[in-house]
Amino acid sequence: MNTKRALPQSLEGSGRVDANAERAHRGGAIMAFEQERCRVWAVRGFTLIELMVVIVILGILAGLIVPRIMGRPDEAKQMKAKIQIESLETALKLYKLDNGQYPTTEQGLQALVEAPATGPAPARWRSGGYLEKGRVPKDPWGNDFIYLSPGIHDDFDLSSYGAEGEPGGEGKNADINSWEVD
């Protein structure tokens, strides 16, 4: 394949090729190549301006949202405890569907992870357990959830004692109970 480009007709018939004209012709070919390369890049990627606009928008969003979240870590932990209690309630209901009863207080929440060795033996304990990660979670403050079955308020009661880890309390130390979670 011949990669050499033909010179313009005005230069072909002259018999002599001016070196500057040839260089100018090659420069034009290089310029066309560069323009084609730039066009391909424009189709494939984002421009610097587009990236900067996205970064600015993300920065504005972070500036508005982060201060609202950072000022409320206690509320976030309480919300997480409520979500964990709801998740544990779902797992306990699945346990009852399979086995006809909830785990006893003695068997505890550990019965959701491994078949209980004490108390009434579960009839059809699910292989792999009832919790996704294969372990009973701690509450957001690193304490165990309190489980009673039969419960005082329902078939079972689940509680987290809040930040202080003691029953009772107000604000960030308030108990979070299954019978009060909506």
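Since the structure is predicted, the reported quantities are computational estimates derived from the model, not experimental observations.

*Asks:* Explain the overall build of the protein here, please?
*Replies:* The secondary structure content of the protein amounts to four helices and three strands. N-terminal to C-terminal, the α/β element order of the protein is α-α-α-α-β-β-β. Here the analysis covers contacts within the protein between residues at least 6 apart in sequence; of these, 42% occur between residues at least 24 apart. Working note: accessible area of the protein is about 13,200 Å², and carbon and sulfur atoms make up 57% of it.

*Asks:* Can you help me understand the environment of P122 in this one?
*Replies:* Mapped onto the secondary structure, P122 falls in the loop between α4 (73–99) and β1 (146–148). Counting along the chain gives 26 residues from P122 to K96, while the straight-line C-alpha distance between them is 9.2 Å. With near-sequence residues (within four places) excluded, P122 lies in contact with Y95, N99 and P116.

*Asks:* Please explain the packing of aromatic side chains as it appears in this structure.
*Replies:* Geometry of an aromatic ring pair is reported as the spacing of the ring centres plus the angle between the planes. Across all of its chains, the model carries four aromatic pairs by this definition. Residues Y147 and F156 carry aromatic rings whose centres are separated by 6.3 Å and whose planes lie at 35° to one another, so their mutual orientation is tilted. Pair check on accessibility: Y147 and F156 agree, each one buried. The structure contains a cluster of three or more aromatic residues connected by ring pairs, namely Y95, W125 and Y130.

*Asks:* Whenever I open this one, the nonpolar core confuses me. Can you help?
*Replies:* Within soluble globular proteins, side chains that are nonpolar tend to cluster in buried spots. Within the largest apolar cluster, 20 residues are counted, with the highest numbers of intra-cluster contacts made by L88, L92, L109, L112, Y147 and L158. In terms of residues, this core owes the most to one element, α4, which gives six residues. Filtering out sequence-adjacent residues up to four positions away, L92 remains in contact with Y102, P103, L109, L112, Y147, F156 and L158.

*Asks:* What is the right way to read the sheet that holds strand β2 (residues 157–160) from this model?
*Replies:* Sheets are built from strands paired through backbone hydrogen bonds, the pairs being either parallel or antiparallel. Spatial strand order, β1-β2-β3: three strands in an open sheet with antiparallel pairing. If you trace the sheet from one side to the other, it starts and ends with β1 and β3 (176–177), each paired once. Taken together, the two bridges between β2 and β3 define a ladder with antiparallel strand orientation. Paired with S159 across the strands is N177, a residue of β3.

*Asks:* I tried to follow a positive patch on the surface on my own but got confused; where do I start?
*Replies:* A contiguous patch of positive charge, built from K77, K80, K133, R135 and K172, is present on the exposed surface. In this fold, K77 is placed in helix α4.

*Asks:* Help me understand the pairing of β2 in this model?
*Replies:* Walk down a regular strand and you will see the side chains alternate between the two sheet faces. Of the two faces of β2, the one holding D157 and S159 and the one holding L158 and S160 are both buried throughout. Two elements, β1 and β2, share three bridges in a ladder whose sense is antiparallel. When the sheet's bridge partners are listed, L148 is paired in β2 with D157.

*Asks:* What am I meant to see in the confidence of the model for the protein here?
*Replies:* Low pLDDT marks regions whose predicted coordinates should not be analysed in detail. With 73% of its residues at a pLDDT of 70 or more, the protein shows a mean pLDDT of 79. Within the protein, the element-level pLDDT minimum falls on helix α1 (residues 9–12), averaging 50, and the maximum on β1, averaging 93.

*Asks:* Even after reading the chapter, I still don't get the side chain of D139, so can you show me in this structure?
*Replies:* The residue D139 is located in the loop between α4 and β1 in this model. K138 is the oppositely charged side chain nearest to the buried, salt-bridge-free D139, at an N-O distance of 8.1 Å. When near neighbours in sequence (up to four residues on either side) are disregarded, D139 contacts Q84, F145, S160, Y161 and G162.

*Asks:* Explain the pattern of salt bridges to me, please; I cannot follow it from the model alone.
*Replies:* When charged atoms on two side chains of opposite charge get close, those side chains can pair. If you walk through the whole model with that rule in mind, you get two salt bridges. Among the ionic pairs, D98 bridges to R126, the shortest N-O distance being 3.8 Å. Here D98 is found in helix α4, whereas its partner R126 is found in the loop between α4 and β1, with 28 residues between them in sequence. On the accessibility criterion, R126 (34% relative accessible area) is partly exposed. Two residues, K138 and D144, come together in a salt bridge whose shortest N-O distance is 2.7 Å. A relative accessible area of 42% means that K138 is categorised as partly exposed.

Basis of the calculations
- Residues numbered from 1 in each chain as written.
- Predicted model: local features only at pLDDT ≥ 70, side-chain atom pairs only at ≥ 80, totals over all residues.
- Heavy atoms only, no water.
- Helix = DSSP H or I, 4+ residues; strand = E, 2+ residues; numbered from the N terminus.
- Contact = heavy atoms within 4.5 Å.
- Areas by Shrake-Rupley, 256 points an atom, 1.4 Å probe, with all protein chains shown as cover.
- Phe/Tyr/Trp six-rings, centres within 6.5 Å; stacked < 30°, edge-to-face > 60°.
- Buried < 20%, exposed > 50% of the residue type's maximum accessible area, 1.4 Å probe, protein only.
- Core = buried A, V, L, I, M, F, W, Y, C linked by side-chain atoms within 4.5 Å.
- Pairing = 2+ DSSP bridges.
- Patch = residues over 30% accessible without salt bridge, like charges linked within 9 Å, V, L, I, M, F, W, Y side chains within 5 Å.
- Salt bridge = Lys/Arg side-chain N within 4 Å of Asp/Glu carboxyl O.
- Lys, Arg positive; Asp, Glu negative; His and termini not counted.
- Charge placed at Lys NZ, Arg CZ, Asp CG, Glu CD.
- pLDDT = per-residue confidence, 0-100.

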